[in-house]
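# Chain and residue survey
Below, each chain spelled out in residue letters.
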Amino acid sequence: MLSYVIRVTGTRERWTALEICKRLLCPRIRWYTAGSTDRLQDVLFDLCQRRHFILGDKLTATSLLRGFHSLGPLGIELKKNLINEWWSMVLLKREQVLAIDTLNHLSGESASSTKPLLRICPESWLELLQKRDLTKDQLVALLKEHVGELGALRQDLLYGGLLHYVSCLELVNRKLPFGIAEVGKCFHCFSEDEHNDLPLIRIGERTVASLTWFSSAKTSGQWRDYWLRHRLLWWQRFSQVPSRFSSDHQDNMSVIHYHFPWGKEPVESLCCMDEASLTQMHCGGSAKLHGRDGRKSVIPHVVWVSGDLDRGLLAYLSDALQLTENQLSRGKDQQRMVLKIHPSLAPIKVAVDLGKGPAVDLRLVCQGLSDELRESRISVWPGYLDTLQTPMEQLFTKYDEMGVMFTVLVSDITLENGLLQLRSRDTTIKETMHISKLRDFLLQYITATKKH
């Protein structure tokens with residue numbers, strides 16, 4: 001199937017030519033006009049809210065990028081799949097990577113070596129201050145005295161990787177190179193209004209995937225290039241338009257960006273550090289820091305890869321959104337919205353719903369089919385449980401916007417000879433398949449997509 005992309009930036013005469021093209025070429029043209037990026041952004045945010053990928057009264061690019069939002073059921077499933085794919089790439093397919101899980105809250109001593117986001121209980125501080133009649137200088141002294149005891153919320157996962165280096169080095173028999181991987185929540189603060197004397201400070205959350213890679217100084221440059229290339233290809237692998245992911249380099253820092261409708265935003269960074277990162281963390285003798293690189297004993301350099309998976313989730317939602325003209329719609333300028341999420345990341349693989357026939361009997365068949373698919377770890381949306389009858393095209397529209405890969409319709413024909421209708425999200429083609437072959441077809445399809 002041919003598709004055309006026409007960029008409209010011209011005058012009224014060019015619009016006339018465009019209308020001619022629209023009639024003569026193809027009814028399924030994707031159109032990008034002046035201001036269309038703003039509209040695409042609004043469509044994306046509206047879709048994420050309506051289909052419960054992201055929760056919130058009003059979504060904006062700023063609130064999403066800063067982590068001031070919650071995920072709905074479909075967003076959680078998409079995020080789980082993204083995390084699983086990250087672990088598979090980093091941990092399951094490599095022998096030299098160990099997984100850890102550190103605390104979100106750092107102790108006072110640990111927090112003193114970082115830029116702390118302090119956890120303060122307002123009630124305790126008010127009670128403490130109300131008991132004393134303090135001057136300004138006394139108040140400042142009291143704050144300094146107690147701040148060091150509070151601890152902090154972590155802002156990245158590098159600290160855990162460096163902290164557990166010695167214990168993990170023992171597990172790999174002190175052999176370099178090796179890596180330490182972790183996925184967890186991190187926190188960062190923003191000023192809501194920087195023009196006020198006392199701006200409102202908000203703390204945003206993000207899920208971060210971190211790989212701290214230890215290698216000799218001689219090979220650290222090669223590993224930096226390897227991980228940058230590897231990570232860029234990983235992000236592009238699940239994208240409908242891989243060129244939207246790109247990388248920039250500045251000194252010891254490399255950044256992978258995604259081109260959102262509103263502009264380019266970072267989704268992952270890669271930083272190179274020398275042995276000082278370890279010697280500063282582990283004071284009191286460097287002998288325990290030495291690893292074996294062939295016959296040499298060295299303190300390793302560090303390549304640190306840190307990805308923002310919440311921002312990555314938003315990138316893949318933006319990447320998957322496609323707008324095409326709906327030929328079946330009777331209204332003018334009606335568009336079909338579909339989230340063509342990569343099969344490995346799609347939150348729901350198949351929706352099981354009812355066609356024509358006795359509802360009670362069909363629901364029993366749907367229930368048995370859904371149980372069989374779930375046992376094979378295929379995520380199922382139980383559309384057959386909905387008691388409200390929905391026109392079939394509206395049903396397909398709903399599932400397309402949810403990113404559901406396939407829709408299965410069980411009907412009276414299924415009761416007679418076991419045949420059901422299978423409809424594809426990506427092609428909209430409906431085909432007939434025997435119920436006994438559905439599970440194997442889906443497993444083969446998902447497995448095949450993981451190899452590409």
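Shown above is the structure to which this text applies.
Next up on the list: helix α13 (residues 359-375). With 17 residues, α13 ought to run about 24 Å at 1.5 Å a step, and its terminal C-alpha atoms sit 24 Å apart, in line with that. Contact partners of the buried residues in α13: β19 (350-354), β20 (380-382), β21 (406-410), α15 (412-417), β22 (419-424) and α16 (438-450). At the C-terminal side of α13, arginine 377 shows a positive phi close to 60°.

One finds Ile54, Trp86, Phe245, Leu317 and Ile341 to be the most contacted residues of the largest nonpolar core, which totals 81 residues. Excluding residues within four positions of it along the chain, tryptophan 86 makes contact with Ala181, Glu182, Val183, Ala209, Ser210, Leu211, Arg231 and Trp234.

As a further point, take the environment of glycine 383. As for its position among the elements, glycine 383 is in the loop between β20 and α14 (392-402). In this structure the C-alpha to C-alpha distance between glycine 383 and leucine 354, which are 29 residues apart in sequence, comes to 7.6 Å. In this structure, glycine 383 is in contact with Val352, Asp353 and Tyr399, ignoring residues within four places of it in sequence.

Turning our eyes to something else, we now look at the side chain of glutamate 401. Within the element layout of this structure, glutamate 401 appears in helix α14. A distance of 2.9 Å separates the side chain of glutamate 401 from the side chain of arginine 51, its partner in a polar contact. Leaving out residues up to four positions away in the same chain, glutamate 401 has contacts with Leu47, Arg50, Arg51, Phe53, Met337 and Leu339.

Let us now look at the pattern of salt bridges. Once their charged atoms are close, side chains differing in charge can pair, the charge on each being opposite to the other. Across all of its chains, the model carries 18 salt bridges by this definition. Here lysine 79 ties to aspartate 310 by a salt bridge, and the two come within 3.1 Å at their closest N and O atoms. Separated by 231 residues along the polypeptide, lysine 79 in helix α4 (residues 73-92) and aspartate 310 in helix α12 (residues 309-320) bring together distant segments of the chain. Accessibility classification places lysine 79 together with aspartate 310 in one group, the buried group. A salt bridge links lysine 264 to aspartate 248; the nearest nitrogen and oxygen atoms lie 3.2 Å apart. Here aspartate 248 lies in strand β11 (residues 245-250) and lysine 264 lies in strand β13 (residues 263-273), a separation of 16 residues in the sequence. Several salt bridges converge on common partners, so that one network encompasses Asp46, Arg50, Arg51 and Glu401.

Spatially, β20-β19-β21-β22-β23 is the arrangement adopted by the five strands of the open sheet, whose pairing is mixed. Looking along the sheet, the strands with just one partner apiece sit at the ends: β20 and β23 (430-434). Within the sheet, the average angular offset between the axes of one strand and its neighbour, ignoring direction, is 30°. Sheet analysis places β19 next to β20, joined by three bridges and oriented parallel. By the bridge assignment, valine 350 is partnered in β20 with valine 380. Against the sheet, α16 contacts β19, β21, β22 and β23, and its axis sits at roughly 175° relative to β21.

What follows concerns the packing of aromatic side chains. Under the definition given, this model contains 21 aromatic pairs. The interplanar angle of 80° and the centroid separation of 4.8 Å between the aromatic rings of tyrosine 258 and phenylalanine 260 together place this pair among those described as edge-to-face. Of the two residues, tyrosine 258 and phenylalanine 260, both sit in the buried class. Judged by centre distance (6.3 Å) and plane angle (35°), the rings of phenylalanine 441 and tyrosine 445 are tilted. In this pair, phenylalanine 441 and tyrosine 445 both sit in helix α16, four residues apart, roughly one turn of the helix. Looking at phenylalanine 441, the relative accessible area reads 24%, which means it is partly exposed.

What follows is about the environment of proline 261. Considering the arrangement of structural elements, one finds proline 261 in the loop between β12 (253-260) and β13. Residue proline 261 is classed as buried on the basis of its relative accessible area, which comes to 16%. Distance in space between the C-alpha atoms of proline 261 and leucine 40 is 6.8 Å, their sequence separation being 221 residues.

Conventions we followed
- Residues numbered from 1 in each chain as written.
- Predicted model: local features only at pLDDT ≥ 70, side-chain atom pairs only at ≥ 80, totals over all residues.
- Heavy atoms only, no water.
- Helix = DSSP H or I, 4+ residues; strand = E, 2+ residues; numbered from the N terminus.
- Expected span 1.5 Å × (residues − 1).
- Contact = heavy atoms within 4.5 Å.
- Core = buried A, V, L, I, M, F, W, Y, C linked by side-chain atoms within 4.5 Å.
- Buried < 20%, exposed > 50% of the residue type's maximum accessible area, 1.4 Å probe, protein only.
- Polar contact = N/O pair within 3.5 Å; in protein donor to acceptor, adjacent residues only side chain to side chain.
- Salt bridge = Lys/Arg side-chain N within 4 Å of Asp/Glu carboxyl O.
- Pairing = 2+ DSSP bridges.
- Axes fitted to C-alpha atoms, helices over the stretch in contact; angles between N-to-C directions.
- Phe/Tyr/Trp six-rings, centres within 6.5 Å; stacked < 30°, edge-to-face > 60°.

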